[in-house]
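# Residue-level structural notes
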Amino acid sequence: MCYVIITSVSLVWFLCTLVADMFVAVALVTPKWLIGPSIGGANWSLATPGSNQRLESVGIYTRCKQMQQLGYHCGRFDLDGFATDGSVYPLEWKLAMFCLSLGLVLLSLTVCATLLTCCRQSAFGKSIHNMTACAQVLAGIAVMLALFLHPLGWRAARVQRLCGQEAEPFYPADCSIGISFYCALVGILLTFAAAGISLKAESSNLRTRVRRRIESGSKLVCIP
């Protein structure tokens, strides 16, 4: 018999996983990991007179900068992907890109798995909740590695042009940490939280009240 089980805990688990996935996606695609200096720095001199100041910034594979012909322009600098020259795309950022992409893929798969647990509790003799929790832990570790690898690349010439010659690993000199970095951090916290909630979600789906509703013939079981 096909049935669907929805509990308050499983709903929280799904939403937590979905929001974590969205935060990691934002961290991956936005060029706001490092924000260049403001008034008095190089960015101020490049700003168009009479216009609002727009700070230069850099992400994992994208950047925003003032260009003479295009003005303020945002785009990617990994034109050849992982084959891009190391002087343009630091090795540490390539590894961070891989780890963050891996974490995003795993999280996206777990979003689908949380929906699957509404109608199936096991697959191949294993608990889907437990397998999903393991995948979420791996995703969190992957994103955490990306947070560690990105600062290792701050010695690159690209970062020193933006932040100053004093920039070095874990010291951004004149730059500040951007919103993308914090999005990744929030994504990590939500991912590990979702992994913990999955264990509670499994027990809530196996409660006596749920079994009684299923045995009575209910195909849609919604229990707070």
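Residues numbered from 1 in each chain as written. Predicted model: local features only at pLDDT ≥ 70, side-chain atom pairs only at ≥ 80, totals over all residues. Heavy atoms only, no water.

## Quick word on the pairing of strand β4 (residues 62-67)
- Note that strand β3 (residues 57-58) and β4 share two bridges and pair antiparallel. Each residue of the ladder has a partner; that of Ser-57, found in β4, is Cys-64.
- As paired elements, β4 and strand β5 (residues 71-76) share six bridges and run antiparallel to each other. Bridge pairing in β5 links Thr-62 to Arg-76.
- From the end of β4 to the start of β5, which pair antiparallel, there are three residues. (Pairing = 2+ DSSP bridges. Helix = DSSP H or I, 4+ residues; strand = E, 2+ residues; numbered from the N terminus.)

## Re the packing of helix α3 (residues 91-116) against helix α4 (residues 128-152)
- The interhelical angle for the contact between α3 and α4, taken along N-to-C directions, is 160°, at an axis separation of 8 Å. On the basis of the axis angle, α3 is roughly antiparallel to α4. Read as a crossing pair, α3 and α4 show a hand that is left-handed.
- Each residue belonging to the contact of α3 with α4 can be placed in one class, and the counts come to 20 nonpolar, five polar and one charged. (Axes fitted to C-alpha atoms, helices over the stretch in contact; angles between N-to-C directions. Parallel < 35°, antiparallel > 145°, perpendicular 65-115°, else oblique. Left-handed = near helix turned anticlockwise from the far one by under 90°. Nonpolar A, V, L, I, M, F, W, Y, C, P; charged D, E, K, R; others polar.)

## Observations concerning the packing of aromatic side chains
- The final tally for this structure, using the stated rule, is five aromatic pairs.
- Measuring from ring centre to ring centre gives 6.2 Å for Phe-77 and Trp-93, while their planes differ by 50°; the resulting arrangement is tilted. Here Phe-77, found in the loop between β5 and α3, pairs with Trp-93, found in helix α3; they are 16 residues apart in sequence, far enough to count as distant.
- Since its relative accessible area comes to 6%, Phe-77 is described here as buried.
- Residue classification places Trp-93 among the buried positions, given a relative accessible area of 0%.
- Among the aromatic residues, those joined into a cluster by ring pairs are Trp-33, Phe-181 and Tyr-182. (Phe/Tyr/Trp six-rings, centres within 6.5 Å; stacked < 30°, edge-to-face > 60°. Buried < 20%, exposed > 50% of the residue type's maximum accessible area, 1.4 Å probe, protein only.)

## Looking at the confidence of the model for the protein chain
- Of the residues in the protein chain, 81% reach a pLDDT of 70 or more, and the chain-wide mean stands at 83.
- Of the regions scoring below 50 in pLDDT, residues 39-51 engages in 13 contacts with residues more than four places distant in sequence or in other chains. (pLDDT = per-residue confidence, 0-100. Contact = heavy atoms within 4.5 Å.)

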